[in-house]
Amino acid sequence: RDGWRSIYTSRAPLPAVYLREIASAAGVHVYSDNPKDQVYASGAWLTLAASGDAGPRVVRLRTPATVRDAYTGAEIAKGVSEFKVDFKSWEVRMFSLD
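Quick look at the structure, then. A quick note: this is a predicted structure, and the numbers were derived from the prediction, not measured. (Residues numbered from 1 in each chain as written. Predicted model: local features only at pLDDT ≥ 70, side-chain atom pairs only at ≥ 80, totals over all residues. Heavy atoms only, no water.)

### Quick word on the sheet that holds strand S5 (residues 92-97)
Across a sheet, paired strands are connected by hydrogen bonds in the backbone, their directions being either parallel or antiparallel.
Part 1 of the reasoning: The strand order S1-S2-S5-S3-S4 describes an open sheet built from five strands, whose pairing is antiparallel. Edge positions in the sheet fall to strand S1 (38-41) and strand S4 (75-87), since each has one partner strand and no second. For this sheet, the mean inter-axis angle between neighbouring strands, taken without regard to orientation, is 15 degrees.
Part 2 of the reasoning: By the bridge criterion, four bridges tie S1 to strand S2 (residues 45-49) in an arrangement that is antiparallel. Paired with Gln38 across the two strands is Ala49, which belongs to S2. (Pairing = 2+ DSSP bridges. Helix = DSSP H or I, 4+ residues; strand = E, 2+ residues; numbered from the N terminus. Axes fitted to C-alpha atoms, helices over the stretch in contact; angles between N-to-C directions.)

### As for unusual backbone geometry
Part 1 of the reasoning: The omega torsion of the bond from Ala12 to Pro13 falls at -5 degrees, within 30 degrees of zero and hence cis.
Part 2 of the reasoning: With respect to the helices, strands and loops of the structure, Pro13 is situated in the segment before helix H1 (16-25).
Part 3 of the reasoning: Of note in this structure, Trp90 is not a glycine but carries a positive phi near 65 degrees.

That's the geometry; what it means functionally is another story.
Next up, the structure:
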């Protein structure tokens, strides 16, 4: 069709890795490169629930922001469009974005 594209698959449900590729190709913002992580985001808040894989995560923001740990108020990064944070296995962290 003119102006849009559809994708057909006979496999349901489609694995997350494929959905991420389709979304990325369509221009959808992807916050984390780890397909196993869960991300919940709004304009002022971002929560990342890490998968069982411990280690650093690079989080990409839609617009530059000052990032703070929502629980402690500690500044993580200032005026950035991406930041790196270490996660423990299955750790959930919440950030405020100003």
